[in-house]
Amino acid sequence: MNEIEYDASTALLVVDMQNDFAHPDGSLHVGGGDDVVHAVNREIEKAEAADALVVYTQDWHPPVTPHFEKDGGIWPVHCVGDTWGAEFVDGLRVAGASVKKGTGGEDGYSGFTVRHPETGHETDTEMADLLEARGITRVVVVGLALDYCVKDTAIDAAELGLPTTVLMEATRPVDLRPGDGDRATEALRAAGVSLA
Ligand code: VGL
């Protein structure tokens with residue numbers, strides 16, 4: 001067990017716990033991502049019991065986007081909206097709203113902002129408004145993948161001035177390049193995010 005405690009002004013952000021990342025048959029399967037489901041579910045149960053806010057994110061790409069390698073990007077096709085790969089992974093406890101990101105063909109690494117891969121233009125998602133409407137003052141981030149969406153979501157939360165913690169037992173790196181996970185933990189620390 002970890003030491004994280006939840007209350008009504010805490011938000012648990014459950015990042016991209018989708019088949020393509022978390023299921024062994026997923027197109028961008030993160031090693032150990034399926035193990036993360038149990039750790040994430042435990043946090044969701046703790047959050048629910050404490051009346052904390054639980055918000056999910058889902059990568060939700062169109063079939064053609066410069067985010068994908070076949071269209072000029074770096075990733076295999078993954079999390080195409082309304083396909084199996086974009087659905088929440090089997091067994092995930094779902095107890096709140098989901099913010100879908102990348103729907104307009106952007107890179108959707110952070111739950112707070114999406115970024116056009118060619119122009120670099122950033123657009124806010126509804127996440128910050130959701131947290132503000134509930135008076136959230138503290139954020140816990142879990143899910144996939146540590147070195148992309150978890151990292152960018154946690155750093156954006158910290159930049160909004162919210163004390164932010166990433167729970168390491170409930171995340172894994174995709175490690176596209178060896179060492180990406182380690183670099184992500186350094187970047188999180190440098191941004192003032194706590195690692196638990
Ligand atoms: C992610 C790679 C590509 C993530 C999303 O959810 O961390 N990783 N797209």
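The sections below set out a description of the structure shown in this document. Since the model is a prediction, treat every value here as computed from it, not as a measurement.

**What to know about helix H2 (residues 33–49)**
Then, number 1: Counted at 1.5 Å a residue, the expected span for H2 with its 17 residues is 24 Å, and the 25 Å between its end C-alpha atoms agrees.
Then, number 2: Here H2 has its buried residues at Gly33, Val36, Val37, Ala39, Val40, Asn41, Glu43, Ile44 and Ala47.
Then, number 3: In this fold, the buried residues of H2 make contact with strand S1 (10–15), helix H1 (19–22), strand S2 (53–59), strand S6 (138–144) and strand S7 (164–172).

**Considering the sheet that holds strand S3 (residues 98–101)**
Then, number 1: The 6 strands lie next to each other as S3-S2-S1-S6-S7-S8, forming an open sheet whose pairing is parallel. The open sheet is flanked by S3 and strand S8 (194–195), the only strands paired with a single partner.
Then, number 2: Sheet analysis places S7 next to S8, joined by 2 bridges and oriented parallel. Directly across from Thr165, in S8, lies its bridge partner Ser194.
Then, number 3: In the packing of H2 onto the sheet, the strands contacted are S1, S2, S6 and S7, and the crossing angle to S7 comes to about 140 degrees.
Then, number 4: Across the face of the sheet, helix H4 (residues 146–159) comes into contact with S1, S3, S6 and S7 while running at roughly 170 degrees to S7.

The rules behind these values
- Residues numbered from 1 in each chain as written.
- Predicted model: local features only at pLDDT ≥ 70, side-chain atom pairs only at ≥ 80, totals over all residues.
- Heavy atoms only, no water.
- Helix = DSSP H or I, 4+ residues; strand = E, 2+ residues; numbered from the N terminus.
- Expected span 1.5 Å × (residues − 1).
- Buried < 20%, exposed > 50% of the residue type's maximum accessible area, 1.4 Å probe, protein only.
- Contact = heavy atoms within 4.5 Å.
- Pairing = 2+ DSSP bridges.
- Axes fitted to C-alpha atoms, helices over the stretch in contact; angles between N-to-C directions.

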